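Here is how the chains run, residue by residue.
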Amino acid sequence: MGFLEQIDIEKIPQHVAVIMDGNGRWAKEKGKLRVFGHQNGVLAVRDTVEGAVELGVKYLTLYAFSTENWNRPKLEVLALMELLVATINKETKTLMNNGVRLNAIGNLKSLPEKCYRQLQETIVKTSQNTNCTLTLALSYSSRWEITNAAKNLALKVEQGELKASEINEDIFASELNTASMPDPELMIRTSGEFRISNYLLWQLAYSELYFTPKLWPDFRRDDLFEAVLDYQKRERRFGLTSEQLP
Ligand code: IPE
Ligand code: IPE
Ligand code: MG
């Protein structure tokens with residue numbers, strides 16, 4: 001029996017977050033330049049998005065470019081930005097066909113103008129789609145996001161809009177880029193690395209983590225199904241004892 005057939009449709013995670021890692025190593029294995037790996041990562045993105053829609057996952061959040069990634073060789077950064085524009089443009093049709101709404105989080109103003117414009121254009125074009133929200137984390141760093149939230153709250157207190165004593169977890173979360181989304185129940189990282197790399201630190205507080213040695217360009221919807229199946233076998237206790245759970 002395949003993974004999909006074994007999945008309990010009643011227990012699909014609402015939000016799946018992914019760290020798409022291993023493009024460079026995938027290319028290197030083939031004796032090619034790192035950019036070749038990024039290009040082939042696009043296929044994995046398309047298949048994963050379609051797989052998420054097939055399952056009924058409402059939010060899929062993909063780590064596409066971190067703040068730290070700006071420090072990579074200039075040529076690689078440039079190629080990634082070009083690829084981003086071309087991909088969003090080319091994949092708009094796939095998003096429309098699958099009823100997927102595009103969204104983005106991160107320091108979007110730091111993206112090249114062309115990138116930012118293409119992103120906004122597709123966000124507007126897909127804004128009425130309701131099957132799934134695909135969020136790209138671009139120029140994203142969780143510490144940056146959390147620091148910004150603190151700054152915004154401090155400003156509100158300074159201007160008398162809010163009392164410091166009123167700040168609670170919900171108010172704090174409402175200042176994050178992910179304010180309109182539930183926290184991910186499942187976080188997948190490819191390429192055999194066991195770290196979070198400054199991704200959704202607040203939001204992953206109680207997420208189930210799934211690591212696979214597969215390199216991102218080889219990842220397909222069946223790998224997503226396998227991860228969801230693994231997630232469904234876990235007991236999420238949220239600090240309680242097993243006996244306390246329903
Ligand atoms: C993930 O693949 C894509 C980005 C970070 C943009 P990498 O480029 O990190 O590939 P590896 O980890 O070097 O193999
Ligand atoms: C994390 O991957 C960022 C993205 C997938 C966009 P990295 O390859 O940049 O992470 P590290 O450097 O291995 O932690
Ligand atoms: Mg990497």
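Residues numbered from 1 in each chain as written. Chains lettered and ligands numbered in written order. Predicted model: local features only at pLDDT ≥ 70, side-chain atom pairs only at ≥ 80, totals over all residues. Heavy atoms only, no water.

1. Regarding the packing of aromatic side chains
Rules: Classification of ring pairs uses Phe, Tyr and Trp, with its six-membered ring standing for Trp, and accepts pairs whose centres are within 6.5 Å; under 30 degrees between planes counts as stacked, over 60 as edge-to-face, and the remaining range as tilted. The secondary structure listing takes helices from DSSP runs of H or I that are at least 4 residues long and strands from runs of E that are at least 2 residues long, numbered from the N terminus. Between buried and exposed lies partly exposed: a residue is buried under 20% and exposed over 50% of the maximum accessible area for its type, with that area taken using a 1.4 Å probe on protein chains only. For a Lys NZ or an Arg CZ to count as sitting over a ring, it must be within 6 Å of the ring centre and within 35 degrees of the ring normal.
Counting across every chain of the model gives nine aromatic pairs. Taking 6.1 Å as the distance between ring centres and 90° as the angle between the ring planes, the aromatic pair formed by Tyr140 and Tyr199 counts as edge-to-face. Of this pair, Tyr140 sits in strand β4 (residues 132-140) while Tyr199 sits in the loop between β5 (186-189) and β6 (208-211), and the two are 59 residues apart along the sequence. Taking the relative accessible area as the measure of exposure, Tyr140 reaches 0% and is therefore buried. We classify Tyr199 as buried; its relative accessible area is 0%. Each member of the aromatic cluster is reached from another via a ring pair, and the members are Tyr63, Tyr140 and Tyr199. Note that Lys30 overlies the ring of Trp26, its terminal NZ or CZ placed 4.2 Å from the centroid. The ring of Phe36 is capped by Lys32, whose NZ or CZ atom sits 5.0 Å from the centre of that ring.

2. Regarding the layout of surface pockets
Applied cut-off: The rule is simple: put a 1 Å grid over the protein atoms alone, call a set of points where a 1.4 Å probe fits but cannot get out a cavity, call an open set with protein on both sides within 12 Å along at least five of seven lines a pocket, and count a residue as lining if it has an atom within 4 Å of a point. Grid points are joined across faces, edges and corners, and a volume is the space filled by probe spheres set on the points. Gly is put with the polar residues, along with every residue not named as nonpolar or charged; the nonpolar set is Ala, Val, Leu, Ile, Met, Phe, Trp, Tyr, Cys and Pro, and the charged set is Asp, Glu, Lys and Arg.
Reported here for the largest pocket is a volume of approximately 890 Å³. Secondary structure elements with two or more residues in the lining of the largest pocket: α2 (23-29), α3 (34-55), β2 (59-66), α4 (74-97) and β4. The element that contributes the greatest number of residues to the lining of the largest pocket is α4, accounting for nine residues. For the lining of the largest pocket, a count of residues per class yields 20 nonpolar, 10 polar and 10 charged. Considering the residues around the second largest pocket, the lining is formed by Glu169, Asp170, Ala173, Leu176, Thr178, Ala179, Met181, Asp183, Trp202, Gln203 and Ala205. Of the residues in the lining of the second largest pocket, the class split is six nonpolar, two polar and three charged.

3. Looking at the site of ligand 1
Note the following rule: Proximity is defined per residue: if any heavy atom of the residue lies within 4 Å of a molecule or strand, that residue is considered near it. The term polar contact refers here to a pair of N or O atoms within 3.5 Å; inside protein, the definition further demands a hydrogen-donor-capable atom paired with an acceptor-capable atom, and it admits residues adjacent in sequence only when both atoms are side-chain atoms. Residue exposure ignores everything except the shown protein chains as possible cover, and the areas themselves are Shrake-Rupley values with a 1.4 Å probe. A molecule is counted as occupying a cavity or pocket when more than half of its atoms fall within 2 Å of that pocket's grid points.
Taken together, Met20, Asp21, Gly22, Asn23, Gly24, Arg25, Arg34, His38, Ala64, Asn69, Arg72 and Leu80 make up the full set of residues near ligand 1. Backbone polar atom of Gly22 to an oxygen atom of ligand 1: 3.3 Å apart, as the coordinates give it. Protein coverage of the free-state accessible area of ligand 1, which is 380 Å², stands at 87%. If you map ligand 1 onto the pockets, it falls in the largest pocket.

4. Concerning α4
Operational definition: Under the convention used throughout, the expected extent of a helix is 1.5 Å for every residue step, that is, one less than its residue count. The angle between axes fitted to the seven-residue stretch ending at a residue and the seven-residue stretch beginning at it gives the bend at that residue.
Compared with an ideal rise of 1.5 Å per residue, which puts 24 residues at 34 Å, α4 spans 35 Å between its outermost C-alpha atoms and is within 8% of the ideal. Along α4, the largest kink reaches about 40° and is centred on Glu91. Just downstream of α4 lies Gly99, where phi reads positive at about 65°.

5. Quick look at the environment of Glu175
So the rule is basically this: The contact definition used throughout considers only heavy atoms, calling two residues in contact when any of these lie within 4.5 Å.
Residue position: Glu175 is located in the loop between α7 (169-173) and β5. Discounting residues that sit within four places of it in the chain, Glu175 has contacts with Ala149, Asn152, Leu153 and Lys156.

6. Examining the site of ligand 2
Taken together, Ile19, Met20, Asp21, Tyr63, Ala64, Phe65, Ser66, Asn69, Arg72, Arg189, Arg195 and Ser197 make up the full set of residues adjacent to ligand 2. Between Arg195 and ligand 2, the recorded distance is 2.8 Å, taken from a side-chain N or O atom to an oxygen atom. Take Ser197: an N or O atom from its side chain is 2.6 Å from an oxygen atom of ligand 2. When atoms are counted within 2 Å of each cavity's grid points, the one that captures over half of ligand 2 is the largest pocket. Sort the elements by how many residues they give to the shell around ligand 2 and β2 lands first, with four residues.

7. Quick look at the pairing of β5
For clarity, the threshold we go by: By definition, two strands form a pair when at least two bridges between them are found by DSSP.
Judged by which residues are buried, β5 turns out to be covered on both faces: Leu186 and Ile188 on one side and Met187 and Arg189 on the other are all buried. Across four bridges, the pairing between β5 and β6 is parallel. Across the sheet, Met187 pairs through a bridge with Leu209, a residue of β6.

Honestly, that's just the spatial picture; any functional story needs more than this.
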